[in-house]
Amino acid sequence: MKSRGTGNLREGAILLPVGLGLGLFPGDVDVPVLTLTKVGVVLMVVGGSTLLYGAFQTVSAARGARPGGSGTADRSS
């Protein structure tokens, strides 16, 4: 079973270069509603943040801690 971190790493690794390509090389393509350069910047931001979050999830899972948790056992009496 693959972890969420692996899936997020894969998704970010796809979105980041696609956004970079749209941000740098839109050419003379005219889209009436959207600017391809702006769409590329948004995809780069989303891809980069997804990539970082996936790396965090993978490292947290490797350490045995739950993502979002403190990694320590609850010691309530």
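Parameters and conventions
Residues numbered from 1 in each chain as written. Predicted model: local features only at pLDDT ≥ 70, side-chain atom pairs only at ≥ 80, totals over all residues. Heavy atoms only, no water. Helix = DSSP H or I, 4+ residues; strand = E, 2+ residues; numbered from the N terminus. Expected span 1.5 Å × (residues − 1). Contact = heavy atoms within 4.5 Å. Buried < 20%, exposed > 50% of the residue type's maximum accessible area, 1.4 Å probe, protein only. Axes fitted to C-alpha atoms, helices over the stretch in contact; angles between N-to-C directions. Parallel < 35°, antiparallel > 145°, perpendicular 65-115°, else oblique. Left-handed = near helix turned anticlockwise from the far one by under 90°. Nonpolar A, V, L, I, M, F, W, Y, C, P; charged D, E, K, R; others polar.

(A) Spatial organisation of helix H2 (residues 36-63). With 28 residues, H2 should reach 40 Å at 1.5 Å per residue; the first-to-last C-alpha distance of 40 Å fits that figure. Packed against the buried residues of H2 are helix H1 (4-24). Just downstream of H2 lies Gly64, where phi reads positive at about 90°.

(B) Representation of the side chain of Thr50. Here Thr50 is to be found in helix H2. Using a relative accessible area of 13% as the deciding quantity, one classes Thr50 as buried. Leave out the neighbours within four places in its chain, and Thr50 touches Asn8, Glu11 and Gly12.

(C) Structural view of the packing of H1 against H2. Running from N to C, H1 and H2 point in directions that differ by 155°, and their axes come no closer than 7 Å. The orientation of H1 relative to H2 falls into the category roughly antiparallel. With respect to the hand of their crossing, H1 and H2 are arranged in left-handed fashion. Of the residues belonging to the contact of H1 with H2, the class tally is 15 nonpolar, 14 polar and 2 charged.

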